[in-house]
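Report on the structure
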Amino acid sequence: MSFEDYETLPTNNVLAHMTAGAFAGIMEHCIMYPMDSVKTRMQSLSPAANTGVTGIRDVFFRMVTTEGVWRPVKGIGVVVMGAGPAHAIYFSCYEAIKDNLTSRHFMNDAFSYGAAGCVSTVIHDGVMTPTDVVKQRLQMFNSPYKSIVDCIQRTYQTEGVKAFYRSYTTQLMMNIPFQSIHFMTYETATNFMNPERTYKPTAHMVSGAIAGGVAAAVTTPLDVCKTLLNTQEGERKISGLVNAIKAVYRLGGPFGYFRGLRARVLFQMPSTAICWSTYEFFKYMLISSKCYDSKTILAEKYHPKEDGLKYSQPGPPSVSEPESWAP
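Since the model is a prediction, treat every value here as computed from it, not as a measurement.

1. Looking at the overall build of the chain
Regarding its fold elements, the chain presents 12 helices and 0 strands. The order of helices and strands in the chain, counted from the N terminus, is α-α-α-α-α-α-α-α-α-α-α-α. Out of the 327 residues belonging to the chain, those deemed buried represent 49%. Sequence separation of 24 or more characterises 73% of the internal contacts of the chain that already satisfy a separation of 6 or more.

2. Things to note about the environment of Ala110
As for its position among the elements, Ala110 is in helix H5 (residues 109-139). Given the relative accessible area of 21%, Ala110 is considered partly exposed. Taking C-alpha positions, Ala110 is 8.6 Å from Thr185, a pair spaced 75 residues apart along the chain.

3. Notes on the packing of aromatic side chains
Taken as a whole, this structure holds 13 aromatic pairs when the rule is applied. Ring geometry for Tyr90 and Phe91: centres 5.2 Å apart, planes at 70°, overall edge-to-face. The buried category is assigned to Tyr90, whose relative accessible area is 3%.

4. Quick look at the packing of H5 against helix H9 (residues 220-231)
Here H5 crosses H9 at 80°, and the two axes come no closer than 9 Å. Our classification of the angle between H5 and H9 gives roughly perpendicular. Facing H5, whose interface residues are Asp132, Val133, Gln136 and Arg137, H9 presents Lys226, Thr227, Asn230 and Thr231. Partitioning the contact of H5 with H9 into residue classes produces 1 nonpolar, 4 polar and 3 charged.

5. Remarks on helix H6 (residues 148-159)
The terminal C-alpha atoms of H6, which comprises 12 residues, lie 16 Å apart, in line with the 16 Å expected from a rise of 1.5 Å per residue. Regarding H6, the residues found buried are Asp150, Cys151, Thr155 and Glu159. Here the buried residues of H6 occupy an arc of 120° about the axis, which is enough to place them on one side. For H6, the exposed residues lying more than 90 degrees away from the buried face are Val149 and Gln157. Within two residues after H6, Gly160 carries a phi angle of roughly 80°, on the positive side.

6. Description of H5
Taking 1.5 Å of rise per residue, 31 residues should cover 45 Å, yet H5 covers just 39 Å from first to last C-alpha, more than 12% shy of that figure. Along H5, the helix axis deviates most sharply at Asp125, where the bend reaches about 40°.

7. Considerations on the confidence of the model for the chain
Averaged over every residue, the pLDDT of the chain is 79; residues scoring 70 or more account for 80%. Low pLDDT, under 50, characterises residues 1-11; the predicted model gives this stretch 30 contacts beyond four residues in sequence or across chains. For residues 291-327, every residue scores under 50 in pLDDT, and the model assigns this stretch 32 contacts once sequence neighbours within four places are set aside.

8. Observations concerning the side chain of Asp150
Note on placement: Asp150 falls in helix H6. Looking at Asp150, the relative accessible area reads 16%, which means it is buried. Engagement of the side chain of Asp150 in a polar contact is seen with the backbone nitrogen of Lys146, the distance being 3.0 Å.

9. Some details on unusual backbone geometry
For Asn142, which is not a glycine, the phi torsion comes out positive at approximately 55°. In this structure, Asn142 sits in the loop between H5 and H6. In this model, Arg197 sits at a positive phi of 55°, which is unusual for a non-glycine residue. Along the chain, Arg197 falls in the loop between helix H7 (168-193) and helix H8 (201-218).

Reading guide: rules and limits
- Positions within a chain are numbered from 1, following the residues in the order the chain's sequence is written.
- Local features in this predicted model are restricted to residues of pLDDT 70 or higher, and side-chain atom pairs are both shown and tallied only at a pLDDT of 80 or more, whereas totals for entire chains, interfaces and linings draw on every residue.
- Each side-chain value is derived from all of the structure's non-hydrogen atoms; neither hydrogens nor water enter the calculation.
- Note on conventions: DSSP H or I runs of at least 4 residues are helices, E runs of at least 2 residues are strands, and numbering of each starts at the N terminus.
- Throughout, exposure labels follow a simple rule: accessible area from a 1.4 Å probe, protein chains only, divided by the maximum for the residue type, with under 20% read as buried, over 50% as exposed, and the rest as partly exposed.
- Throughout, a residue-residue contact means that at least one pair of heavy atoms, one from each residue, lies within 4.5 Å.
- Two rings from Phe, Tyr or Trp (for Trp, the six-membered ring) form a pair when their centres sit within 6.5 Å of each other. Planes less than 30 degrees apart are called stacked, planes more than 60 degrees apart edge-to-face, and all others tilted.
- Every axis in this analysis is a line fitted to C-alpha atoms, fitted for helices over the stretch in contact. Angles between the N-to-C directions lie between 0 and 180 degrees.
- Roughly parallel means an angle under 35 degrees; roughly antiparallel, over 145; roughly perpendicular, 65 to 115; everything else is oblique.
- Any residue outside Ala, Val, Leu, Ile, Met, Phe, Trp, Tyr, Cys, Pro, Asp, Glu, Lys and Arg is labelled polar, Gly included; the first ten of those are nonpolar and the last four are charged.
- The span one expects for a helix is its residue count, reduced by one, times 1.5 Å.
- By arc we mean the arc of the directions from the helix axis to the C-beta atoms, nothing more.
- The quantity called bend is, for any residue, the angle between two axes fitted respectively to the seven residues ending at it and the seven beginning at it.
- Values of pLDDT, the confidence the predictor places in each residue, fall between 0 and 100.
- Polar contacts, as counted here, are pairs of nitrogen or oxygen atoms within 3.5 Å of one another; within protein the pair requires one atom able to donate a hydrogen and one able to accept it, and residues that are adjacent in sequence qualify only if both atoms are side-chain atoms.

This is the structure in structure tokens:
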């Protein structure tokens, strides 16, 4: 099947979207996990966490030299367990809602992408919020937890189930605008770089990087608040977005909201590029391998199988020559 047939592939294959999304999520988070650890460390408002370090490289080398070579990837296992199902649901919901809204012309395409991103984010964050809590507690400076299981058990015993969802509303308030901006930017950049909407790895990668960078920069203040709620560093326990906003200002001043900005952007740009290029690749491979060649797809599109009903839908007399079709 040629690349030009990419957009004629059936888009309602939920299993293919879920599988492609799962691969994309795992690849995205695992490859960029060390940078995510650096970002979490830089967003910390604990004075001990950033003493004597001034940049991304300094934080990374301090982690490796003082805490061991494997310290930047501590907690990566929980991300693998959470990112797979979260992104599987996320992308399948996004594709279904986007197709529904754009096909029915309820709203402008850009707003359709944003709306689809919002709805899918609510479900995605329900899975990823507990994952982020465990991940960031393992990433923080002088983490008292020995392993993923130890972190889950001790957090549950001391703070209860609510500890795993303490930052859920903050996560939503960050990720809904993040994903709306992300998807709108990605689709707009894709329309500009790939107006034919064919499978073009470079276009998917560059569009993903632009979308991730823009969305990450805009939502950094909320990400700092989320990190504070997840890690609960300090003697006073913090709950709620409003209290987190006050705590960040009290501990870091106005610039506290932009801690780790560069690390967050440098994390999101390659990670979203990896995510989109992986997703589009697996979507293309999985859907196109479902015994569909380009002619079969067009034949099914114009000549649906009869199930006892007669179709009055017009169709081309020849699949190989659709341009000669006269309705």
